Amino acid sequence: MPRTASPRNASQTPPPPAARLVRRAERGGDAARQRAAVRAADHAGTEAALVEAPDALTDPVGDARVDAERRRGRGAQSNASGRYEAEARVAFDDGWQSMDDLPPFKTQVGIDAARKVITRNDSPDIPFDRSINPYRGCEHGCIYCFARPTHAYLGLSPGLDFESHLFAKPDAPELLARELSHPSYQPRMIAIGTNTDPYQPIERQYKIMRGILEVLERFGHPVGIVTKSALVMRDIDILSRMAERQLVKVGISITTLDPKLARAMEPRASTPARRLEALSALARAGVPVMAMVAPVIPALNDSEIERILEAVAHAGVREASYIMLRLPLEVRDLFREWLAANFPDRY
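Residues numbered from 1 in each chain as written. Predicted model: local features only at pLDDT ≥ 70, side-chain atom pairs only at ≥ 80, totals over all residues. Heavy atoms only, no water.

Draft legend 1. Structural context of the sheet that holds strand β11 (residues 248-253). With mixed pairing, the seven strands of this open sheet are ordered in space as β5-β6-β9-β10-β11-β12-β13. What marks the edges here is a single partner per strand, and that holds for β5 (119-120) and β13 (320-324). When strand β12 (residues 289-296) meets β13, the two strands line up parallel, connected through four bridges. Of the residues in β13, the one forming a bridge with Val-293 is Tyr-322. (Pairing = 2+ DSSP bridges. Helix = DSSP H or I, 4+ residues; strand = E, 2+ residues; numbered from the N terminus.)

Below you can see the structure in the form of structure tokens.
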């Protein structure tokens, strides 16, 4: 039966020491630290203890870890909640092996009934003032993804929920056409894929990104796309026509050339070989492409930078960029868990 446990004191359970590479990536996020919750957000009923929410940025999330078999093919090791929950649900074994009966984390897709699809920003740190995200959450499951904390806004976990509880915007093409048609609209480049990947696996079924591209082509509107999926090749017909009018540019991130590292770090993203194939196909079709070595993670993939640049140059790419690893909010502890589990010698 569920039982109430006494509140935990975060100061009594200090986090384990982190490697310098993790500490460097954490810098800059202190101002955003808030009181947070830790809970085991399972997809089925289970025995649990309710506890007062600790500070998730000072308290490790080991009590929210999920068995490896249940999270097969996922990036995160745990499902601790975000920073807005007042209570924590902590799974525990009651002696009847009830934990063994919990189902695996399967991808679930809800509908995001948005009224507008263009998101605007006035940040001086990024080179665009508007963007579109066809999906919330991302099935690619990249452990380092800086968009993970946004799932806390939905009352879901930035951990496994971010990879398995997804939301689609099927009305996005119609909403986009309506916004572009407004008399006061001033066209400027729209960025797509800056938060979650528009070509993640569920795009094969929903085809929202293709619908958005059809609208942008019809309106003659410029767009910049960022992805790590070879599914972008499906839309080469539209992209090549837009490229002839200088309306599009595509960036594909190549984090590593090591398929084993990619599998662990980006479990449901396209393999490095497939991404190189996509870069080559786009370049041959006349679509401006850029390779992104992102993120650069010290002691994991920084030694590959030169080899990656050689590979993308051979694929016909003439432009490249890089982004260093950063670990905002809940991503810090998620990355620590992943690093300790997969590369304990570098933790």
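Draft legend 2. Quick look at the side chain of Glu-139. You can see Glu-139 is positioned in the loop between β7 (135-136) and α2 (160-164). At 2.7 Å, the side chain of Glu-139 forms a polar contact with the side chain of Thr-107. Within the structure, Glu-139 has its side chain in polar contact with the side chain of Arg-268 (distance 3.0 Å). Apart from residues lying up to four places away in sequence, Glu-139 is in contact with Arg-74, Thr-107, Glu-163, Leu-166, Gln-200, Pro-201, Ile-202 and Arg-268. (Polar contact = N/O pair within 3.5 Å; in protein donor to acceptor, adjacent residues only side chain to side chain. Contact = heavy atoms within 4.5 Å.)

Draft legend 3. Highlighting the packing of helix α5 (residues 208-219) against helix α6 (residues 236-244). It is the contact of α5 with α6, at a shortest axis distance of 10 Å, that shows an interaxial angle of 25°. Considering the angle they form, α5 stands roughly parallel to α6. As α5 runs across α6, the sense of the crossing is left-handed. Seen from α5, the contacting residues are Arg-210, Leu-213, Glu-214, Leu-216 and Glu-217; seen from α6, they are Asp-237, Ile-238, Leu-239, Arg-241 and Met-242. Here the contact of α5 with α6 is built from residues that sort into five nonpolar, no polar and five charged. (Axes fitted to C-alpha atoms, helices over the stretch in contact; angles between N-to-C directions. Parallel < 35°, antiparallel > 145°, perpendicular 65-115°, else oblique. Left-handed = near helix turned anticlockwise from the far one by under 90°. Nonpolar A, V, L, I, M, F, W, Y, C, P; charged D, E, K, R; others polar.)

Draft legend 4. Layout of unusual backbone geometry. Cis geometry marks the peptide bond from Ala-294 to Pro-295; its omega dihedral reads -5°. Among the secondary structure elements, Pro-295 is positioned in strand β12. Here Lys-207, not a glycine, exhibits a phi torsion of approximately 55°, which is positive. Among the structural elements, Lys-207 can be located in the loop between α4 (203-206) and α5. A positive phi angle, close to 75°, is found at Ala-299, a residue other than glycine. Looking at where Ala-299 falls in the secondary structure, it is placed in the loop between β12 and α9 (305-314).

Draft legend 5. Broad picture of the pairing of β12. In terms of residue burial, β12 counts as a mostly covered element, since eight of its eight residues are buried. Across four bridges, β11 lies against β12 in parallel orientation. When the bridges of β12 are listed, Val-250 appears paired with Val-289. Handedness of the β12-α9-β13 crossover: right-handed. (Buried < 20%, exposed > 50% of the residue type's maximum accessible area, 1.4 Å probe, protein only. Right-handed = clockwise from strand over helix to strand, strands pointing away.)

Draft legend 6. Representation of the pattern of salt bridges in the model. In this structure the tally under the stated criterion is 18 salt bridges. Among the salt bridges present, the one from Arg-275 reaches Glu-266, with a minimum N-O distance of 2.6 Å. What makes Glu-266 buried here is its relative accessible area of 2%. Each of Glu-203, Arg-210, Glu-214, Arg-234, Asp-235 and Asp-237 takes part in one network of salt bridges that share partners. (Salt bridge = Lys/Arg side-chain N within 4 Å of Asp/Glu carboxyl O.)

Draft legend 7. Seen up close, the sheet that holds strand β8 (residues 165-168). The three strands lie next to each other as β4-β8-β7, forming an open sheet whose pairing is mixed. Strand pairing shows two members of the sheet lacking a second neighbour, β4 (108-111) and β7, which therefore form its edges. Across four bridges, the pairing between β4 and β8 is parallel. Looking across to β8, one finds that Gln-108 is bridged to His-165.

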